[in-house]
Amino acid sequence: PEAIVVSELANRMAERVGEVVKSLMQMGMMVTQNQTIDADTAELIIEEFGHKVVRVSDSDVEQVITQVEDKAEDLKPRPPVITIMGHVDHGKTSLLDAIRDAKVVAGEAGGITQHIGAYQVKTESGAPLTFLDTPGHAAFTSMRSRGAQVTDIVILVVAADDAVMPQTIEAINHAKAAGVPMIVAINKCDKPEANPQKVRTDLLQHEVIVEELSGDVQDVEVSAVTGKGLEELLEAVALQAEILELKSNPDRPAQGAVIEAKLDVGRGPVATVLVQTGTLKQGDIFVVGEQWGKVRAMENDQGNRVKEAGPSVPVEVLGLNGTPEAGDVLNVVSTEAQAREIADYRQEAAKEKRAAAGAATTLEQLLAKA
Ligand code: GDP
Ligand code: MG
């Protein structure tokens with residue numbers, strides 16, 4: 001039966017469990033916080049408390065992590081999450097590195113900056129920005145296909161000594177399909193043969209009209225080598241973020257997305273998680289894709305231990321029982337039993353799916369060989 005434990009429901013809504021029990025009583029249901037109620041009753045309660053129900057899936061188990069929409073007053077501004085995309089060799093990696101080097105303050109003496117696939121910087125005007133270090137187009141699409149929409153803004157890098165190329169067009173299409181606004185970074189402007197104007201007019205053909213040509217897509221001339229225009233680019237991102245009015249509720253059980261994950265010989269499964277809503281805390285129990293775990297320790301992008309991570313903050317998480325995949329969604333739940341149950345259920349479902357797909361492949365392979 002579709003059900004949720006009363007305390008879990010209260011937890012999800014960030015409401016006092018006593019209030020939820022009281023509300024249930026008023027509806028004529030005598031239950032304690034440890035008892036389960038069915039999904040329909042839960043829905044009534046959720047509406048009673050002024051939240052909206054978003055069902056993740058129809059399956060019984062997924063009901064346990066039924067998502068609750070936050071009240072407007074609980075929403076606080078959060079930093080934007082930025083992905084850099086563009087054609088190979090146009091300078092994605094160089095730009096990411098240049099921004100990191102210019103902005104990330106080196107740690108304590110001798111401290112080596114830990115690389116966790118994402119980092120946060122602050123603009124000169126103080127706005128924090130989160131950069132994802134996975135510029136691959138494949139990563140972007142595979143994450144989206146796994147249900148994780150992690151990017152708020154795409155920086156489209158186009159080299160001024162080249163022009164719009166196939167992967168530039170691909171990136172434009174990805175961003176448009178995802179409904180993510182773009183900022184054009186016209187890179188390599190230090191080169192004598194650079195022709196930024198050609199980039200701008202090239203982009204017109206792909207319905208990207210930059211501000212310089214009276215459109216509404218911000219464009220900034222930069223050089224990852226000299227650092228020219230980097231601060232301007234960051235301010236453009238901050239401005240775009242302001243327009244987007246990005247908000248989330250930091251005071252609720254965390255939800256996040258796996259940016260990357262690996263099995264570390266010494267430390268076991270390790271995942272870099274971008275917290276999207278709520279605050280992830282040490283000791284939290286969670287499910288992530290087909291895995292579950294309990295946060296044993298967290299490290300931020302500078303390799304420092306942290307006890308909690310709020311919205312748009314990337315952290316490396318230890319304490320997983322298995323290695324999740326990039327794009328998997330992490331949800332904090334109340335009990336280990338729940339976490340285990342959901343992970344088991346998902347593993348079973350995935351196994352069945354794989355078996356079915358495997359059978360099909362084998363048949364195809366047989367036919368191909370015949
Ligand atoms: P990616 O494939 O998009 O990640 O491109 P890379 O960052 O690897 O850069 C490709 C090449 O272009 C490297 O040789 C970089 O040194 C060079 N490059 C990147 N940005 C600039 C720039 O602003 N100016 C110049 N002159 N060279 C650049
Ligand atoms: Mg690269």
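Residues numbered from 1 in each chain as written. Chains lettered and ligands numbered in written order. Predicted model: local features only at pLDDT ≥ 70, side-chain atom pairs only at ≥ 80, totals over all residues. Heavy atoms only, no water.

Looking at an unreviewed UniProt entry, one finds the protein named Translation initiation factor IF-2 and attributed to Marinibacterium profundimaris.

Quick look at the pattern of salt bridges
To keep things clear, this is the line we draw: We count a salt bridge whenever a side-chain nitrogen from Lys or Arg sits within 4 Å of a carboxyl oxygen from Asp or Glu. The numbering of helices and of strands both runs from the N terminus, where a helix is a DSSP run of H or I of at least 4 residues and a strand a run of E of at least 2. Throughout this description, buried means an accessible area under 20% of the type-specific maximum (1.4 Å probe, protein chains only), exposed means over 50%, and partly exposed covers the range between.
Taken as a whole and assessed by the stated rule, the structure comprises 15 salt bridges. Among the salt bridges present, the one from Glu19 reaches Lys22, with a minimum N-O distance of 3.9 Å. Taken as a pair, Glu19 and Lys22 lie in helix 2 (residues 17-26) at a separation of 3 residues, close to a single helical turn. When its relative accessible area of 45% is taken as the criterion, Lys22 is described as partly exposed. For Arg267, the salt bridge identified is with Asp264, shortest N-O distance 3.4 Å. Connected via shared salt-bridge partners are Arg200, Asp219, Glu221 and Lys228.

Quick look at the sheet that holds strand 9 (residues 153-159)
Note the threshold: Any two strands between which DSSP finds at least two bridges are classified as paired. Axis geometry follows a simple rule: fit a line to the C-alpha atoms, using only the stretch in contact for helices, then measure angles between N-to-C directions, giving values from 0 to 180 degrees. It only takes one pair of heavy atoms within 4.5 Å for two residues to be counted as in contact.
Ordered in space as 7-8-6-9-10-11, the 6 strands form an open sheet in which the pairing is mixed. Across the chains shown, the open sheet's two edge strands, defined by having one partner strand only, are strand 7 (118-122) and strand 11 (219-221). Across this sheet, the average inter-strand angle for adjacent strands is 30°, counted without regard to direction. Sheet analysis places strand 6 (residues 81-86) next to strand 9, joined by 5 bridges and oriented parallel. Directly across from Ile84, in strand 9, lies its bridge partner Ile155. Running at roughly 165° to strand 9, helix 6 (residues 166-178) makes contact with strand 6, strand 9 and strand 10 (182-187) of the sheet. Against the sheet, helix 7 (residues 196-204) makes contact with strand 9, strand 10 and strand 11, and its axis sits at roughly 145° relative to strand 10, the strand it touches most.

Some words on the packing of aromatic side chains
Put simply, the test is: Only Phe, Tyr and Trp rings take part, Trp by its six-membered ring, and two of them pair if their centres are within 6.5 Å. Stacked means planes under 30 degrees apart, edge-to-face means over 60, and tilted covers everything else.
Tallying each qualifying case throughout the model produces 1 aromatic pair. Aromatic side chains Tyr119 and Phe131 sit 5.7 Å apart centroid to centroid with 20° between the ring planes, which places their arrangement in the stacked category. One end of the pair, Tyr119, is in strand 7; the other, Phe131, is in strand 8 (residues 128-132), and 12 residues separate them in sequence. For Phe131, a relative accessible area of 0% puts it in the buried group.

Observations regarding the site of ligand 1
Heads up, the condition is: Distances are taken per atom, and a residue is near a molecule or strand as soon as one of its heavy atoms is within 4 Å of it. In the analysis that follows, any N or O atom pair within 3.5 Å is treated as a polar contact, provided that within protein one partner can donate a hydrogen and the other can accept it, and provided that, for residues neighboring in sequence, both atoms belong to side chains. A 1.4 Å probe and the Shrake-Rupley method give the accessible areas. Residues count as covered only by the protein chains that appear here.
The full set close to ligand 1 counts 15 residues, and Asp89, Lys92, Ser94, Asp190 and Ala224 are the nearest of them. Asp89 is positioned with one of its backbone polar atoms (N or O) 2.7 Å from an oxygen atom of ligand 1. Between ligand 1 and the protein, one listed contact pairs an oxygen atom with a side-chain N or O atom of Asn187 at 3.0 Å. Burial of ligand 1 by the protein chains amounts to 72% of its free accessible area of 570 Å². If you tally residues by element for the shell around ligand 1, the top one is helix 4 (residues 92-103), at 3 residues.

Looking at the side chain of Thr130
Here Thr130 lies in strand 8. A polar side-chain atom of Thr130 sits 3.0 Å from a polar atom in the side chain of Gln120. Apart from residues lying up to four places away in sequence, Thr130 is in contact with Pro79, Pro80, Val81, Ile82, Tyr119, Gln120, Leu274, Ser312 and Pro314.

A few points about the pairing of strand 14 (residues 268-277)
Taking burial as the measure, the 10 residues of strand 14 include 9 buried ones, the bulk of the element. In terms of strand pairing, strand 13 (residues 255-264) meets strand 14 through 9 bridges, oriented antiparallel. When the bridges of strand 14 are listed, Val258 appears paired with Val273. Counting the residues between successive antiparallel strands, the hairpin from strand 13 to strand 14 contains 3 residues. With 5 bridges connecting them, strand 14 and strand 20 (residues 314-320) associate as antiparallel partners. The partner of Val273 across the bridge, within strand 20, is Val315.

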